[in-house]
Amino acid sequence: MSASPEAAAGRPPGGAVHQFVPALIARDATGSHTLLLRQALREAGWRSEIFAEATHDELLGETLPVDAYPELSAPGDVLVYQFSTSSAVSEFLAGRPEPLVLDYHNVTRPHLYGGWDAVSATRSAAALEELARLAPRAVLGLADSAYNETDLLEAGCPRTAVVPVLVDLDRLVSAPDPRVAARLAAGGAGGGVDWLFVGRLVPSKAQHDLVKALWAYRRLYDPDARLHLAGPTPSGKYLASLRGFVADLGLSESVRIWGEVTDAALAALFAAADVYVSLSIHEGFGVPLLESMRASVPVVARAAGAVEATLGGAGLLLERAEPSYVAAAVHRVLHDEVLHQRLVRAGHGQVAAHSLAAAGGRAVEAIASVAGPPPGRPVRAARTGE
Amino acid sequence: MSEAAESASSLADDRAYLTQVMAEIDEEVRRRRASGDLPPRLERELDELFLEHSPVAGRGGGLDQSLRMVDAAAFIDPVVPISSNKSGGAVIKKGLRSLNLWYMGYVTHQVSQFAAAVSRSLHLLDDRLTELRREVDAQRVPPAVVVEAPWAVGPDAWWVSATVEAMSTARGRVVHTAAGDGWLVRQLVDKGVDAYGVDPRSGLADKGELDGLDLREEEPLEHLRAVESAALGGIVLSGVVDGMTHGERAQLLEVVCDRMAPDGTLVVHSLSPSAWWSETAPPEADLSPGHPLRAATWPHLLGPLGFEATVTEGPSSTDYLVTAVLSGAPTVR
């Protein structure tokens, strides 16, 4: 689905719910959420476009430039800002008269970049300032989690609602990349379990703690265990440190840093994983936790940010992350059949509660509460994903 | 049973089951540590090894070294090298260099001037900081040291059994500082408590570590700052707070409050002021920047931080024990 013919023809759509995003990125939780929300809004009966400052090559044609909006604006429009970073879009929206819905996906706090990535830390501080400026003027704040909702309330958002991230979990259980699957099978031919973590390679995701835990696990329980780290690597300094650390521990053959991967490759990684381990110290929601539950991979995770709420009891929640403690928890999950089955079963329940149809319906309902029903029809839950 | 009631009951069952699993994992970790399969020292070394790769630790180098790098990079040479492996390459490069030198020279001269000005400013800043540090050092109040009266500490001290008892139900790890050679940690571990020790004094931890105890040679406050929030089930302070200034003590208690799990227990052993000033006090007492509080002051101090504190005087009134349970949110920060 792409930008509508009306927009392409330059006609004012009128009574529309449009989204704004600094950059629409493929294989990114916010990017995927934005596209799925547009689908849900359109299915509910609104006109809806995505306005972006930048668009990933794979998504060209899905967006319109932000500065094209004033020409297309019409009375009755409601603007939804997908907020997760600092951008000139904030200033643009602050100057617009339309009602603003702030869809907030969390901002990693500046101190979590401290010493590693000064640019990201500065950008993060700027994002928090923009949030403080925009929140009081928003008619509604949408948060992925109760944890994120706290940020909106503290920033002065007058009205908030918790609506989970819209994510198509089914994409990861079909058509795994055969080359990646073959490589994983070859890597595991000698035995040993596969740990998986998916997320940006940044200090706040604490991949270094995962490496420590794997080292302890190999020493205590399984000398052939492997760790797979998938996700973009925006911090060169952290990546270099992690690689050096892994080499010093003699784990270069056992820790695989995959970088950003396609959905098919990710599906292969989930299919091969024995356990999903997250020791992240900051999570606004944690989409990969849900993806893991969808793929029937049991989760062991440090209780940080919104992790506990996202897991909803369907994972082993750790209060601390000492290597021996994490190792013992993973060992227990992998060798206690009853626990393993309970976690997987509970995970399926949690996935059902976060289905695309349910989340889309909640998002549409929340937006309708400020935008009113779409032109010509009453509000109904979106059919997305059904 | 209604569907809602069944669901609530199932949820409660799941929670109880997971709590039981977590307790068994705790026990497994304790057993593994005690057996020497993964000595706590090795886990610490993992942390230290990663810090060596981390810019956050700020290890190695300093402002001097950084300034030398700035100085070395401040001059930009517009005369680019012209050597070449290809026949005639050097001549072509020399020609290009000659053609561009007037332009490149103009630009690089300005960039070099800017870099030199920045470098000069940084040197001035360095000089000012060095001068300030000298002045501050002259007026500096030294940090409190561990002050232990031999008659007040050790396995047979009157307050040890009460401390072990108070920590026996701790949920989470218990830290003792100043732990010395681990005399109290050993007793706690023997009672099934997941305990470890911290002591800033050099060499004391080695002997206990040989016995399989988790002992660390670190400053207590620095150690607690590095611990995660709400991670500790109990904290025992002995010989630590006695000689602290009010400021140091307030900083320590603020960190203690944050690192303590809900319902966590704080135990403080301190000399009494009269013992502090007596001839039997150790020499470190004279060298400390602060002095012990009177026993009755502790409940007054800990109450606003959310603790319910009780005080027990020692048999000869030369020392006392404060036992405090974190029971609520602090009312004062």
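Position labels on residues start from 1 in each chain and follow its written sequence. Whichever chain is written first is A, and whichever ligand is written first is 1; the rest continue in order. In keeping with the model being predicted, local features are shown solely for residues with a pLDDT of at least 70 and side-chain atom pairs are shown and tallied solely at 80 or more, while totals for entire chains, interfaces and linings include all residues.

Participant: Is there a simple way to explain the overall build of chain B in this structure?
Facilitator: A run of H or I in DSSP counts as a helix once it spans at least four residues, and a run of E counts as a strand once it spans at least two, with each numbered from the N terminus. Within chain B, the secondary structure is distributed over 12 helices and 7 strands. Exposure classification rests on a simple neighbour count of other C-beta atoms within 10 Å of a residue's own: a residue reaching 20 or more is buried, one at 12 or fewer is exposed, and one in between is partly exposed. C-beta atoms are placed from the backbone. The buried share among the 333 residues of chain B stands at 29%. In chain B, the proportion of contacts linking residues at least 24 apart, taken out of those at least 6 apart, comes to 63%. A pair of residues counts as a contact when their C-beta atoms, built from backbone coordinates, are separated by no more than 7 Å.

Participant: Just to check I follow, could you spell out the overall build of chain A for this structure?
Facilitator: When helices and strands are counted, chain A shows 15 helices and 13 strands. Taking all 386 residues of chain A together, 54% fall into the buried category. Long-range pairs, those at least 24 residues apart, make up 70% of the contacts in chain A between residues at least 6 apart in sequence.

Participant: How should the pairing of strand S11 (residues 275-278) of chain A be read in this particular structure?
Facilitator: Side chains on a regular strand alternate between the two faces of the sheet. The two faces of S11 of chain A match: Val-275 and Val-277 of chain A on one face and Tyr-276 and Ser-278 of chain A on the other face are all buried. For a crossover, the right-handed case is the one in which the path from the first strand over the helix to the second runs clockwise, viewed with the strands pointing away from the viewer. As a crossover connection, the stretch from S11 of chain A through helix H11 (residues 287-294) of chain A into strand S12 (residues 299-302) of chain A is right-handed.

Participant: It is not clear to me how the interface of chain A and chain B should be interpreted in this structure. Could you clarify?
Facilitator: Interfaces are often sized by the amount of accessible area the parts lose when they come together. The interface of chain A with chain B comprises 26 residues on the first partner and 20 residues on the second. Taken together, the elements giving at least two residues each to the side of chain A that touches chain B come down to helix H8 (207-220), helix H9 (236-248), helix H13 (323-335) and helix H14 (337-353) of chain A. Each residue is assigned to one class: nonpolar for Ala, Val, Leu, Ile, Met, Phe, Trp, Tyr, Cys and Pro, charged for Asp, Glu, Lys and Arg, and polar for all the others, Gly among them. Taken together, the residues of the side of chain A that touches chain B break down into 11 nonpolar, 7 polar and 8 charged.

Participant: Please clarify how the packing of helix H5 (residues 160-167) of chain B against helix H6 (residues 183-190) of chain B should be interpreted in this entry.
Facilitator: Helices that pack against each other are described as a pair by the angle of their axes relative to one another and the distance between those axes. All names here are of chain B. Axis lines are fitted to C-alpha atoms, over the contacting stretch for helices. Their N-to-C directions set the angle, which ranges from 0 to 180 degrees. Two elements in contact, H5 and H6, have axes separated by 10 Å at closest approach and are oriented at 45 degrees. With respect to H6, the axis of H5 lies oblique. Crossing hand, H5 versus H6: right-handed. From H5, Val-160, Thr-163, Val-164 and Met-167 reach across to H6, where they touch Leu-184, Gln-187 and Leu-188. Here the residues of the contact of H5 with H6 sort into 5 nonpolar, 2 polar and no charged. Roughly parallel means an angle under 35 degrees; roughly antiparallel, over 145; roughly perpendicular, 65 to 115; everything else is oblique. Take the far helix as the reference: if the near one is turned anticlockwise from it by less than a right angle, the crossing is left-handed, and if turned clockwise, right-handed.

Participant: What is the right way to look at the sheet that holds strand S7 (residues 319-326) of chain B in this model?
Facilitator: Across a sheet, strands are paired by hydrogen bonds formed along the backbone, either parallel or antiparallel in direction. All names here are of chain B. Pairing between strands is defined by DSSP: at least two bridges between them are needed. Pairing is mixed across the open sheet formed by 7 strands, whose spatial order is S3-S2-S1-S4-S5-S7-S6. The two strands at the open ends of the sheet, each matched to only one other strand, are strand S3 (215-216) and strand S6 (307-313). Examined bridge by bridge, strand S1 (residues 173-177) and strand S2 (residues 195-198) share 4 bridges and lie parallel to one another. Within S2, the residue paired with Thr-177 across the bridge is Val-198. Running over the sheet, helix H9 (residues 246-259) touches strand S4 (232-238) and strand S5 (260-271) and is turned about 145 degrees from S5.

Participant: Would you explain the sheet that holds strand S9 (residues 226-230) of chain A in this entry?
Facilitator: All names here are of chain A. A sheet is described by the order of its strands in space; here 6 strands give the open sequence S10-S9-S8-S11-S12-S13, paired in parallel fashion. At either end of the open sheet lies a strand with only one pairing partner, and these are strand S10 (255-259) and strand S13 (316-318). For this sheet, the mean angle separating the axes of adjacent strands, direction not counted, is 20 degrees. Of the strand pairs in this sheet, strand S8 (residues 194-198) and S11 are connected by 2 bridges, and their pairing is parallel. Looking across to S11, one finds that Trp-195 is bridged to Val-275. Against the sheet, helix H10 (residues 263-272) touches S8 and S9, its axis set at about 140 degrees to S8.

Participant: Looking at this structure, I do not really get H8 of chain A. What am I missing?
Facilitator: Since one α-helical turn is 3.6 residues long, residues separated by three or four positions face the same way. In this scheme, a helix's expected span is set at 1.5 Å multiplied by one less than its residue total. Under the 1.5 Å per step criterion, the end-to-end length of H8 of chain A is 20 Å for 14 residues, consistent within 8% with the ideal 20 Å. Where burial is concerned, most of H8 of chain A is hidden: 12 out of the 14 residues are buried.

Participant: What is the right way to look at the nonpolar core in this model?
Facilitator: Looking at soluble globular proteins, one finds that nonpolar side chains tend to be buried together. One finds Leu-102, Val-277, Val-300 and Val-326 of chain A to be the most contacted residues of the largest nonpolar core, which totals 127 residues. Each domain's limits were defined by an automated method or a database of domain assignments. Viewed by domain, this core spans two of them, domain 1 (5-167 + 354-371) and domain 2 (169-353) of chain A, each represented by three or more residues. We define a nonpolar core as a collection of buried residues of the types Ala, Val, Leu, Ile, Met, Phe, Trp, Tyr and Cys that are connected via C-beta atoms lying within 7 Å of each other. Core analysis: the next-biggest nonpolar cluster, separate from the first, contains 58 residues, Val-185, Leu-305, Leu-321 and Val-322 of chain B among them.

Participant: Whenever I open this one, the environment of Leu-67 of chain B confuses me. Can you help?
Facilitator: All names here are of chain B. For Leu-67, the location among the structural elements is in helix H3 (residues 63-74). Among the residues examined, Leu-67 registers 15 C-beta atoms within 10 Å and is labelled partly exposed. As a C-alpha pair, Leu-67 and Arg-120 span 53 residues in sequence and 9.6 Å in three-dimensional space. Apart from residues lying up to four places away in sequence, Leu-67 is in contact with Leu-122, His-123 and Asp-126.

Participant: Explain H6 of chain B here, please?
Facilitator: Restricting attention to buried positions, one finds in H6 of chain B the residues Leu-184, Val-185, Leu-188 and Val-189 of chain B. Along the axis of H6 of chain B, the buried residues cluster in a sector spanning 135 degrees; they form a single face. Arc definition: directions from the helix axis to the C-beta atoms.

Participant: What is the right way to read the confidence of the model for chain B from this model?
Facilitator: Low pLDDT marks stretches whose predicted atomic positions should not be read closely. All names here are of chain B. The quantity called pLDDT is the predictor's confidence in a given residue, expressed from 0 to 100. On average, residues of chain B score 85 in pLDDT, and 89% of them are at 70 or above. Per-residue pLDDT, averaged within each element of chain B, yields its smallest value for H3 (67) and its largest for H5 (96). Scored by ipTM, the complex comes to 0.82, with pTM at 0.65.

Participant: What is the right way to read unusual backbone geometry from this model?
Facilitator: A negative phi angle characterises most non-glycine residues, just as the trans form characterises most peptide bonds. Cis geometry marks the peptide bond from Thr-177 of chain B to Ala-178 of chain B, where omega comes out at 5 degrees. Mapped onto the fold, Ala-178 of chain B is located in the loop between S1 and H6. Positive phi outside glycine occurs at Arg-27 of chain A, with the angle close to 55 degrees. Examined against the element boundaries, Arg-27 of chain A turns out to sit in the loop between strand S1 (17-24) and helix H2 (29-44). Unusually for a residue other than glycine, Ser-317 of chain B sits at a positive phi of about 60 degrees. Taking the number of C-beta atoms within 10 Å as the measure of exposure, Ser-317 of chain B has 11 and is therefore exposed.

Participant: Whenever I open this one, the packing of H11 of chain A against H14 of chain A confuses me. Can you help?
Facilitator: Residues and elements named next belong to chain A. Running from N to C, H11 and H14 point in directions that differ by 120 degrees, and their axes come no closer than 8 Å. It follows from the interaxial angle that H11 and H14 lie oblique. As H11 packs across H14, the resulting crossing turns out to be left-handed. Contact residues: Leu-290, Met-293 and Arg-294 in H11; Gly-347, His-348, Gln-350 and Val-351 in H14.

Participant: What should I look at first to understand the pairing of S8 of chain A in this one?
Facilitator: Burial within S8 of chain A is extensive, with 4 of its 5 residues counted as buried. In this view, the connection linking S8 of chain A to its parallel neighbour S9 of chain A by way of H8 of chain A has right-handed handedness.

Participant: Any chance you could explain the environment of Gly-156 of chain A here in plain terms?
Facilitator: Residues and elements named next belong to chain A. Considering the arrangement of structural elements, one finds Gly-156 in the loop between helix H6 (146-154) and strand S7 (160-162). The class of Gly-156 is partly exposed, set by 15 C-beta atoms lying within 10 Å. As a C-alpha pair, Gly-156 and Ala-132 span 24 residues in sequence and 7.0 Å in three-dimensional space. Ignoring any residue separated from it by four or fewer positions in sequence, one finds Gly-156 in contact with Ala-132, Ala-135 and Pro-136.

Participant: Would you mind showing me how to read the environment of Val-118 of chain B here?
Facilitator: Residue and element names in this part refer to chain B. For Val-118, the position within the fold is in helix H4 (residues 89-139). Here Val-118 falls in the exposed class, since 12 other C-beta atoms lie within 10 Å of it. Here the alpha-carbon distance between Val-118 and Ala-74, two residues 44 residues apart in the chain, equals 8.7 Å.

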